[in-house]
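Survey of secondary and tertiary structure
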Amino acid sequence: MAKNLKEMLNDCELLPIAGLINQDPIIVTSEKVGFFFPVYSWALPKIVYDFIEKIDLSTTKYIFAVTTMGGFSRQYVAPLVNKLLKPKNKELDAAYNLRVFSNNIWGSKRINPLPSKEKGEKRIKKALLKLEKIAEIIRNNQKSTARKGSLYPMKDSYYSFMKKVNIMDEKYYSDEKCNGCGICQKICPVDNIKLVDEKPEWQHKCQMCTGCLHYCPQKAIQWGEYTFDRERYNHPYIKVNELMNQKQTL
Ligand SMILES: Cc1cc2nc3c(=O)[nH]c(=O)nc-3n(C[C@H](O)[C@H](O)[C@H](O)COP(=O)(O)O)c2cc1C
Ligand code: SF4
Ligand code: SF4
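Predicted, not measured: the structure shown is a model, and the values here were computed from it.

Moving on to the overall build of the chain. The number of helices and strands found in the chain is 9 helices and 9 strands. Radius of gyration (C-alpha) of the chain: 18 Å, near the 18 Å computed for a compact globule of 250 residues. In the chain, which comprises 250 residues, the share counted as buried stands at 26%. For the chain, restricting intrachain contacts to residue pairs at least 6 apart in sequence, the fraction spanning at least 24 positions comes to 76%.

Quick look at the structure:
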């Protein structure tokens, strides 16, 4: 979706957060900046929270956020981004949510099922149509109505997710199907996996993006008992190499 938006906007550069997060300070020179990320725990992945907190936006005149989500529409995204932007004397000009499907594995299969191929494609088509409209608003520097929102009660649950997310990898392990290929290590956006004796070991700075689990070609990674009978999810338009390359320092 972020790649699609890049094509829809004129003269747009797409920079993966995983490749920028270790820069200090993170300085942008563009007058228009957007954050594109999946909704986690009704709000922002921790790496996105840290990134927005760190980024220097002093020359920026228009800021937008576009998120993808599994399906829970009540969100804490816009008010939280605005809270992070306030000390920089900035606020969101536009904020939008796109419903796709969920790769979350700790919720129950019933609440977070993967859609059939047909349903998945339908959802993507619908999201792309919405994205065309969003792109037009962004191209014209318009403001969107959903850019503020309130700090609604789910924030307590969000902060508890933020507190524990780095160590949620304690439940990850690889089973006997692991052949030591190292893809999980290469794919992890925050270098949270070390291979020891050709087996992955998680280093407790996890973002719970679930990439390692879903992209293991042997389906050898489990998260506790939650994943024994769950399908794995590979995004239809993303190649493994793109995921591996995203953390290269830009
Ligand atoms: C740790 C985690 C938490 C999530 N929390 C939410 C949520 O609160 N609400 C929601 O609608 N989707 C949630 N999701 C689903 C993601 O937003 C969804 O999988 C993502 O947007 C899919 O886009 P992608 O394939 O580009 O990653 C969560 C996913 C993960 C992995
Ligand atoms: S990607 Fe899967 S098979 Fe390859 S090292 Fe990691 S756990 Fe083992
Ligand atoms: S790839 Fe795996 S270890 Fe790395 S952040 Fe994502 S879930 Fe955590």
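We are not done yet, so read on.
All right, on to the site of ligand 3 then. In the vicinity of ligand 3 there are 15 residues, among which Cys188, Cys206, Cys209, Gly211 and Cys212 approach most closely. Per-class residue counts for the shell around ligand 3 are 10 nonpolar, 4 polar and 1 charged.

Our next topic: the sheet that holds strand E4 (residues 62-69). With parallel pairing, 3 strands are arranged side by side in an open sheet as E2-E4-E5. Of all the strands in the sheet, just strand E2 (32-38) and strand E5 (94-99) have a single pairing partner and so form its edges. Across this sheet, the average inter-strand angle for adjacent strands is 15 degrees, counted without regard to direction. Two elements, E2 and E4, share 7 bridges in a ladder whose sense is parallel. Across the sheet, Lys32 pairs through a bridge with Tyr62, a residue of E4. Contacts from helix H5 (residues 117-139) reach E2, E4 and E5 within the one sheet, and its direction differs from that of E5 by about 170 degrees.

Taken together, 13 residues surround ligand 2, and among them Cys178, Cys181, Ile183, Cys184 and Cys216 come closest. Here the shell around ligand 2 is built from residues that sort into 8 nonpolar, 5 polar and no charged.

With that out of the way, let us pick up the nonpolar core. Residues Phe64, Ala65, Val77, Val81, Leu92 and Ala95 are the most contacted members of the largest nonpolar core, which totals 30 residues. When contributions to this core are tallied by element, the ones reaching two or more residues are helix H2 (17-20), E2, helix H3 (46-54), E4, helix H4 (77-85), E5 and H5. Looking at this core element by element, the count peaks at 5 residues for H4. Among the nonpolar cores identified, the runner-up in size contains 17 residues, and Cys184, Ile193, Trp202 and Cys209 belong to it.

Along its sequence, the chain is organised into domain 1 (2-153) and domain 2 (160-245). Computed over C-alpha atoms, the centres of domain 1 and domain 2 are 23 Å apart. Contacts between the two partners involve 11 residues from domain 1 and, on the opposite side, 15 residues from domain 2. In terms of residue count, H3 provides more of the side of domain 1 that touches domain 2 than any other element does, 3 residues in total.

Those residues of H3 that fall on the buried side of the exposure criterion are Lys46, Val48, Phe51 and Ile52. Those residues of H3 that are buried are in contact with H2, E2, strand E3 (55-56), H4 and helix H6 (155-164).

Next up on the list: H5. In an α-helix, one turn spans 3.6 residues; hence positions three or four apart end up facing the same way. Its 23 residues give H5 an end-to-end C-alpha distance of 32 Å, which sits within 8% of 33 Å, the value for a rise of 1.5 Å per residue. If you check which residues of H5 are buried, you get Ile124, Ile134 and Ile138. Elements that come into contact with the buried residues of H5 comprise E2, E4 and E5. Looking one or two residues beyond H5, the residue adopting positive phi is Asn141, at roughly 55 degrees.

Definitions and limits used
Residues numbered from 1 in each chain as written. Chains lettered and ligands numbered in written order. Predicted model: local features only at pLDDT ≥ 70, side-chain atom pairs only at ≥ 80, totals over all residues. Helix = DSSP H or I, 4+ residues; strand = E, 2+ residues; numbered from the N terminus. Rg over C-alpha atoms; globule rule 2.2 N^0.38 Å. Buried ≥ 20, exposed ≤ 12 C-beta atoms within 10 Å, placed from the backbone. Contact = placed C-beta atoms within 7 Å. Near = placed C-beta within 6 Å. Nonpolar A, V, L, I, M, F, W, Y, C, P; charged D, E, K, R; others polar. Pairing = 2+ DSSP bridges. Axes fitted to C-alpha atoms, helices over the stretch in contact; angles between N-to-C directions. Core = buried A, V, L, I, M, F, W, Y, C linked by C-beta atoms within 7 Å. Domains from an automatic or database assignment. Expected span 1.5 Å × (residues − 1).

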